[in-house]
Amino acid sequence: MSGWKRKVPHLLSLLIFPILGLIYTYLNTQPSKAIEIPLKVDSYIPFIPIFVIPYIIWYAFIFGYMIYFCFKDLKVYYHALITIVIGEVICFLFYIFFQTTVPRPVLAGNDWITSMVQFIYQNDEPYNCFPSIHVLTTYVIMLAFIQIKKKHLFNTLFVHMMGILIILSTLFIKQHVVLDVIASIIIASVIHSFVVELATRSQKNTIRKLALSKRASFPSKQIISQKND
């Protein structure tokens, strides 16, 4: 229980996610101009409703692994958090100045899988597509997990397999096109590398300063010792 108490201040930073969600919702309206950017390969990607399951699992996947990072390694936690926030802000800029849309299939049937897809379609307009926040955040989790030390093999397999399924789900339920996925992966990779590199340099500079301060104080201690002698 004491472990949870120590982590609460850090976990509170996850409250930024609902705020980002509100911004997403505000931008997810029919714009005056939205373009389609499919590649030829997109026409060969089938609509597979069952992939709505990993698409919805995304919500628990992101929050679950952010909490996991918080308890496992705070550096990894903040690297992932900062990357996601910066990445989503970049996505929002695209949504404002380069709004895209993805045509959706006509749904037939009343089974529970189709109903879940219908629920997604009703609550998420076919805009805010390029880049994909689903893909960006999922890939950040996959990248951050690589930094975790002493992890179980099953956990490693799960995070990458589920991550891949979530990314594929965005294509198979026709929420995104291939270019959305590619852009998201590139943005996540660049930002995460930059954040980790900046944090590493900052840590090295701090260690160097501490070492120099210790060296500076060492002669003075010797002088005081000699005077006492």
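In what follows, the structure referred to is the one given above.
Just so we're clear, the structure is a prediction, and the values are computed from it rather than from any experiment.

1. Notes on the overall build of the chain
Argument step 1. Summing up its helical and strand segments, the chain has eight helices and zero strands in all.
Argument step 2. In the chain, the succession of α and β elements from N to C terminus is α-α-α-α-α-α-α-α.
Argument step 3. Looking at the 229 residues of the chain, the share that counts as buried comes to 39%.
Argument step 4. The contacts of the chain with a sequence gap of at least 6 include a subset with a gap of at least 24, amounting to 88%.
Argument step 5. Within the structure as shown, the chain displays about 13,700 Å² of accessible surface, and the carbon and sulfur contribution to it stands at 69%.

2. Considering the environment of V85
Argument step 1. For V85, the position within the fold is in helix 4 (residues 74–97).
Argument step 2. Overall, V85 belongs to the partly exposed group, its relative accessible area being 24%.
Argument step 3. Once the C-alpha coordinates of V85 and F17 are considered, the two residues, 68 residues apart in sequence, prove to be 8.2 Å apart.

3. Side note on the pattern of salt bridges
Argument step 1. Within the structure shown, the criterion is met by one salt bridge.
Argument step 2. Between R201 and E197 there is a salt bridge; the shortest N-O distance is 2.9 Å. Remark: E197 and R201 occur in helix 8 (residues 178–228); sequence separation between them is four residues, near one turn of the helix.
Argument step 3. You can call R201 exposed: its relative accessible area is 54%.
Argument step 4. Looking at E197, the relative accessible area reads 41%, which means it is partly exposed.

4. Some points on the packing of helix 6 (residues 133–147) against helix 7 (residues 153–172)
Argument step 1. Where helix 6 contacts helix 7, the two axes come as close as 9 Å, and the packing angle between them is 165 degrees. What the angle tells us is that helix 6 and helix 7 run roughly antiparallel. Judged by the sense of rotation from one axis to the other, the crossing of helix 6 with helix 7 is left-handed. In this structure, helix 6 uses H134, V135, T138, Y139, I141, M142, F145 and I146 to contact helix 7, whose residues at the interface are N155, T156, V159, H160, G163, I164, I166, I167 and T170.
Argument step 2. Classifying every residue of the contact of helix 6 with helix 7 gives 10 nonpolar, seven polar and no charged.

How each quantity is defined
Per-chain numbering applies: the sequence of each chain, read as written, is numbered from 1 onward. Per-residue local features of the predicted model are confined to residues with pLDDT of at least 70, and side-chain atom pairs are confined, for both listing and counting, to 80 or more; whole-chain, interface and lining totals are unaffected and use all residues. To get the side-chain values, all heavy atoms of the structure are used, and hydrogens and water are removed first. We count a stretch as a helix when DSSP gives it H or I for four or more residues in a row; a strand needs E for two or more, and each element gets its number in order from the N terminus. Burial status follows relative accessibility: with a 1.4 Å probe on protein chains alone, a residue under 20% of its type maximum counts as buried, one over 50% as exposed, and anything between as partly exposed. We call two residues contacting when some pair of their heavy atoms lies within 4.5 Å. Each accessible area value is a Shrake-Rupley result obtained with a 1.4 Å probe; residue values ignore everything except the protein chains displayed when judging cover. Only one rule defines a salt bridge in this text: a Lys or Arg side-chain nitrogen within 4 Å of an Asp or Glu carboxyl oxygen. Under this scheme, a helix contributes an axis fitted over its contacting stretch, all axes are lines through C-alpha atoms, and angles between N-to-C directions fall in the 0 to 180 degree range. Put simply, angles under 35 degrees are roughly parallel, angles over 145 are roughly antiparallel, angles from 65 to 115 are roughly perpendicular, and the rest are oblique. Left-handed describes a crossing whose near helix is turned anticlockwise from the far helix by less than a right angle; the clockwise case is right-handed. Asp, Glu, Lys and Arg are counted as charged, while Ala, Val, Leu, Ile, Met, Phe, Trp, Tyr, Cys and Pro are counted as nonpolar; the rest, among them Gly, fall into the polar class.

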